[in-house]
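The chain contents come next:
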Amino acid sequence: MSTLAQDLRHALRQLRRAPGFVALAVITLALAIGANTAMFTVAEDVLLRPLPYADASRLIAVNPDQPGGPRNATSWLNYRDVRDQTTHSFAQVAIYSDDVGVVQSSEQDSAGSTSVVAPTISPNLFSMLGIQPLLGRTFTAPEGEANGPAVVLLSEGLWRYTFHADPAIVGRTIRVNAQPRTVVGVMPAAFRFPESTGADIRKGIWLPLQPTAFMQTSRGYSFDYIFGKLRPGVTLAQAQAELDRTAQSINHANPKTANPLALTAVPYLETLTGQVRPVFLGLVGALALVLLIACANVANLMIARTLGRQQEFAVRAALGAPRGRLIRQMLAEGGILAMLGCGFGVSLAWLLLRAVRRLPDGTLPRAESITLDWSVIVILGALALLAALLSSILPALLVARTSPQRALQSASRGLGTRSVSSKLTRSLVIGEVALSTLLLVATGLLFHTLWNLQHTALGFSTTNITGFTAVPGDAAGFSNMAVSTDTGHAPVSVAVSAYGPVLDRLRQAPGVASAALATAPPLSGIDMHTSFRILGQPQDDAHRYTARMSAASPDYARLLGTPLLRGRMIADSDTITAPLVIVINQTLASKVFEDRDPLGHQMDLGGKDTGMLKPYTVVGVLADQKDTAVNQPASPLLLLPYQQIPTTSLYYPALLKTVVNFLVKTRGDVPVAPIARSIFHQVAPEYALDNFDTLQQTVDRSNFANRLGLYITGGFAALAVLMVLTGLYGVLAQLVGYRRRELGIRLALGAPRASVLQMILRQGATMVLAGLVIGIALSLATGRLLHSFLFGVAASDAWTYAGALLSLCIIGAAASTIPALRASSIPPMESLRDE
């Protein structure tokens with residue numbers, strides 16, 4: 001221990017004598033360690049940390065799709081069969097669905113409505129998760145049965161902000177979707193199930209899932225998600241085998257099903273993190289490259305210092321210091337630098353994590369749980385140790401090769417060691433250039449992707465268009481869709497009683513150029529699908545199609561500037577008493593009708609099964625719009641007149657009685673929220689308005705993940721390039737210092753200064769070009785890993801590679817110029833006199 005203390009004290013004295021070297025080395029390591037620590041913290045909290053539920057590793061999502069596909073909803077009947085037929089693998093099986101609703105603070109209050117997310121959950125889910133309420137209790141089994149008691153659970157956020165943390169809230173009656181419900185409990189803020197709902201669940205509610213008669217008879221009613229907990233000792237493969245048998249049983253009992261059911265068992269955590277996992281792994285890999293470049297840079301700096309201290313090490317070796325002691329000395333200096341870098345890296349990581357927590361809600365799953373903790377500190381220490389070893393081992397090996405006799409001979413000046421160090425430093429710089437090439441190419445490809453996304457044809461205009469959502473006070477919810485057989489006493493549609501008058505007043509408001517309604521406008525996230533048939537075609541599965549469905553008002557396409565390719569758009573005359581019409585998009589026309597003219601064809605939207613008793617006639621073909629994402633092609637779309645949705649049909653509650661989107665085009669920068677709230681207060685005061693955003697903000701939000709990836713990768717690449725710049729400069733400056741006597745002799749013997757300048761530039765160019773060749777090979781080899789993140793650009797795009805090469809060549813030339821100019825300006829006589 002005393003020897004170690006002596007080494008550390010001597011290392012501190014040596015480092016105090018070189019403040020510039022220490023500052024550069026510590027800053028380099030701090031940037032690399034801080035960025036790595038922050039990214040590891042995010043990856044650990046998002047991808048690795050277990051969910052805050054009992055036995056979270058045994059929680060399984062049962063997906064009705066093929067492995068690797070997106071998660072889809074399924075029916076209550078499928079849930080019932082999974083629950084009853086998988087008892088060997090699952091201890092419990094629950095069901096839930098995403099939904100929205102409107103809350104009023106009392107049974108009599110219809111004003112001041114608040115729109116909330118309102119997931120419906122089977123009562124056993126709470127015991128499965130092991131969650132206790134903050135106040136009251138959770139749902140009981142009878143409350144999850146058909147026609148069970150009307151109860152509700154509040155989130156802690158809603159309880160505090162809407163009900164002012166009323167301690168007597170349990171047992172109180174409030175109105176949810178215009179129906180009285182009894183509050184049975186308040187869930188703690190940490191309970192955010194289902195996590196897929198996002199940050200809105202912080203002020204949401206939970207309702208018991210009570211199967212309706214329609215849910216208990218129709219397998220096509222797919223709005224629910226199955227969730228289970230494995231029995232202790234049961235593997236995922238065993239559960240999958242039992243699910244396969246269950247799916248075969250369901251398919252055997254329903255032979256007329258067009259698409260056979262497949263059930264896939266997926267760890268619940270993966271359903272939340274599956275989409276961001278490749279992104280994080282890619283960023284972690286990029287940061288690892290940055291750390292390697294930083295260590296190489298510091299190693300180069302330490303090698304340069306080592307060569308300047310050859311006399312010191314030679315004297316110590318001549319006096320009997322063992323080589324192991326000299327190696328420990330270098331490792332001690334590297335360790336101190338690494339710990340200093342670690343200390344500053346903690347501060348940098350803390351700042352970066354603060355920035356991460358300020359990202360828009362929904363950017364990262366589980367973002368609220370991202371914090372620095374002891375496990376991160378352990379990783380930070382490991383990174384510091386790794387940095388110390390990587391940056392110190394080569395200088396230590398050089399010290400071990402020191403020959404006291406040769407080093408003490410002034411004529412020799414340790415040339416053997418210098419030749420070895422020259423090779424090492426050049427190799428390190430070549431490695432830095434190669435890794436920087438890899439990062440620059442990735443940045444270029446992501447930049448090209450973002451450029452393509454921002455300049456791709458959207459199929460609609462975003463200029464001066466603001467959207468918002470309106471939820472009726474008596475919202476039906478997606479969980480309560482049903483077909484009514486009482487067509488003789490059909491209620492008046494909200495399209496007539498509320499939406500029509502609201503649209504008329506919006507159009508007349510000052511500063512408003514146009515207003516329209518659409519249940520699923522572009523990039524809204526609402527994805528309502530239906531199946532349909534074309535009358536006159538064979539009634540077989542091959543001629544049964546599916547498409548997204550949206551209800552819209554007449555001004556919808558004109559407001560968005562979406563071209564009409566054929567026929568006409570929805571008109572004011574398309575009321576419930578007029579002939580039923582429908583408009584389709586170009587993708588659907590190409591898929592279903594191919595080269596035929598779709599106008600005049602009639603579509604069957606389900607008949608008695610859906611309550612859409614009469615066929616709809618195709619009257620127009622609309623150009624495609626980017627509907628689900630800017631980087632995804634348009635999907636087939638059916639656009640129905642909002643006044644022609646029968647109130648007795650299955651689609652009326654989902655399209656018009658749950659959530660509707662309004663679009664308002666203004667003349668200039670006119671605030672829409674005050675206008676809309678005033679009009680709804682006069683016409684439909686029980687409606688809850690929310691999500692006021694410009695359409696451009698919606699488009700930008702859809703591209704945010706791509707921009708964030710570009711910014712982060714670009715930051716890494718800029719850091720790497722800066723290190724290459726300093727590393728290349730340091731190596732060439734070191735080489736000039738080594739060869740000062742030789743260069744002075746060359747100049748004294750008449751060598752042109754231009755030839756010396758060219759010689760140094762050529763050495764710099766050799767290192768840069770060697771690194772570029774290796775970097776291009778690495779980029780081509782790893783390009784396929786970036787394929788899923790790219791849009792409109794190939795992973796081997798020649799222009800991107802050319803830009804990266806040109807950038808590094810310019811940087812290499814800049815880093816080489818100053819040492820070359822210094823070499824060419826060496827005074828020959830002064831150099832010879834120094835020798």
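One can find the structure itself at the top, above this paragraph.
Fair warning: this is a prediction, and the values are worked out from it, not measured in the lab.

### Notes on the overall build of the protein
When you go through the protein residue by residue, the secondary structure sums to 24 helices and 24 strands. Within the protein, contacts between residues separated by at least 24 positions form 83% of all contacts whose residues are at least 6 apart in sequence. About 36,500 Å² of surface is accessible on the protein, with carbon and sulfur atoms providing 59% of the total.

### Considerations on the pairing of strand S23 (residues 660-666)
Across a regular strand the side chains alternate sides, sitting on one face of the sheet and then on the other. A large share of S23 lies buried, amounting to 6 of its 7 residues. Of the strand pairs in this sheet, strand S14 (residues 465-471) and S23 are connected by 6 bridges, and their pairing is antiparallel. Along S23, the bridge assignment pairs Ala470 with Val660. Sheet topology note: the strand S15 (residues 512-518)/S23 ladder contains 6 bridges and is antiparallel. Considered in S23, the bridge of Ser514 is made with Lys665.

### Regarding the environment of Met612
Secondary-structure assignment places Met612 in the loop between strand S20 (602-604) and strand S21 (616-622). In this structure Met612 comes out as buried when scored by relative accessible area, which is 1%. C-alpha of Met612 to C-alpha of Leu650: the two residues are 38 residues apart in sequence and 7.8 Å apart in space. Discounting residues that sit within four places of it in the chain, Met612 has contacts with Leu605, Gly607, Leu640, Pro646, Ser649 and Tyr651.

### Overview of a positive patch on the surface
Taken together, Arg9, Arg13, Arg16 and Arg17 make up a surface patch of like positive charges. With respect to the secondary-structure elements, Arg13 resides in helix H1 (residues 2-16).

### Some points on empty space enclosed by the protein
Under the defined criterion, the tally for this structure stands at 2 cavities of 30 Å³ or more. Put simply, the largest cavity is a space of about 80 Å³. Lining the largest cavity we find 13 residues, and of these Arg548, Asn585, Gln625, Asp627 and Leu637 sit closest to its centre. Class assignment of the residues belonging to the lining of the largest cavity gives a composition of 8 nonpolar, 3 polar and 2 charged. In this structure, the second largest cavity spans a volume of roughly 40 Å³. What lines the second largest cavity is Phe478, Thr519, Ile526, Met528, Ala654, Leu655 and Val659.

### Brief notes about the packing of aromatic side chains
Throughout the structure, instances matching the rule amount to 19 aromatic pairs. Aromatic side chains Phe191 and Trp206 sit 5.1 Å apart centroid to centroid with 45 degrees between the ring planes, which places their arrangement in the tilted category. Taken together, the residues span a long stretch of sequence, with Phe191 in the loop between strand S10 (179-187) and strand S11 (205-208) and Trp206 in strand S11 at a distance of 15 residues. Residue classification places Phe191 among the buried residues on the basis of a relative accessible area of 3%. Judged by its relative accessible area of 0%, Trp206 falls in the buried class. Ring pairing ties together the aromatic residues Tyr53, Tyr96, Phe193, Tyr225, Phe227 and Tyr268, which thus form one cluster. One residue, Lys203, lies across the ring of Tyr161, its end atom 4.3 Å from the ring centre.

### Overview of the environment of Tyr642
With respect to the element layout, Tyr642 can be found in the loop between strand S22 (637-641) and helix H17 (651-655). Exposure remark for Tyr642: the relative accessible area of 6% places this residue in the buried category. The spacing of Tyr642 and Leu655 is 13 residues in sequence and 8.6 Å in space, taken between C-alpha atoms. Apart from residues no more than four positions distant in its own chain, Tyr642 is found in contact with Ala495, Tyr499, Gly500, Leu503, Leu517, Ala551, Ala552, Ser553, Pro554 and Leu656.

### Observations concerning unusual backbone geometry
Across the junction of Phe193 and Pro194, the peptide omega takes the value -5 degrees, indicating a cis bond. One can find Pro194 in the loop between S10 and S11. Positioned with a positive phi, Asn147 is a non-glycine residue whose angle comes to about 60 degrees. Considering the arrangement of structural elements, one finds Asn147 in the loop between strand S7 (135-136) and strand S8 (151-155). One non-glycine residue with positive phi stands out, namely Glu594, at about 55 degrees. Inspection of the secondary structure puts Glu594 in the loop between helix H16 (586-593) and S20.

### Topic: the environment of Gly744
Following the sequence through the fold, Gly744 ends up in helix H21 (residues 740-748). Taking the relative accessible area as the measure of exposure, Gly744 reaches 0% and is therefore buried. In this structure, the C-alpha to C-alpha distance between Gly744 and Ser825, residues 81 residues apart in sequence, is 9.4 Å.

### Some words on the packing of helix H14 (residues 494-508) against helix H18 (residues 673-683)
Between H14 and H18, whose axes approach to 10 Å, the crossing angle comes to 135 degrees. Relative to H18, the element H14 lies oblique. For the element pair H14 and H18, the recorded crossing hand is right-handed. Across the interface between the two elements, Ala498, Pro501, Val502, Arg505 and Leu506 from H14 touch Ile675, Ala676, Ile679, Phe680, Gln682 and Val683 from H18. Classifying every residue of the contact of H14 with H18 by side-chain character gives 9 nonpolar, 1 polar and 1 charged.

Parameters at a glance
- Residues numbered from 1 in each chain as written.
- Predicted model: local features only at pLDDT ≥ 70, side-chain atom pairs only at ≥ 80, totals over all residues.
- Heavy atoms only, no water.
- Helix = DSSP H or I, 4+ residues; strand = E, 2+ residues; numbered from the N terminus.
- Contact = heavy atoms within 4.5 Å.
- Areas by Shrake-Rupley, 256 points an atom, 1.4 Å probe, with all protein chains shown as cover.
- Buried < 20%, exposed > 50% of the residue type's maximum accessible area, 1.4 Å probe, protein only.
- Pairing = 2+ DSSP bridges.
- Patch = residues over 30% accessible without salt bridge, like charges linked within 9 Å, V, L, I, M, F, W, Y side chains within 5 Å.
- Salt bridge = Lys/Arg side-chain N within 4 Å of Asp/Glu carboxyl O.
- Lys, Arg positive; Asp, Glu negative; His and termini not counted.
- Charge placed at Lys NZ, Arg CZ, Asp CG, Glu CD.
- 1 Å grid on protein atoms, 1.4 Å probe; cavity = no way out; pocket = protein on both sides within 12 Å on 5 of 7 lines; lining within 4 Å.
- Points joined across faces, edges and corners; volume = space filled by probe spheres on them.
- Nonpolar A, V, L, I, M, F, W, Y, C, P; charged D, E, K, R; others polar.
- Phe/Tyr/Trp six-rings, centres within 6.5 Å; stacked < 30°, edge-to-face > 60°.
- Lys NZ or Arg CZ within 6 Å of the ring centre and 35° of its normal.
- Axes fitted to C-alpha atoms, helices over the stretch in contact; angles between N-to-C directions.
- Parallel < 35°, antiparallel > 145°, perpendicular 65-115°, else oblique.
- Left-handed = near helix turned anticlockwise from the far one by under 90°.

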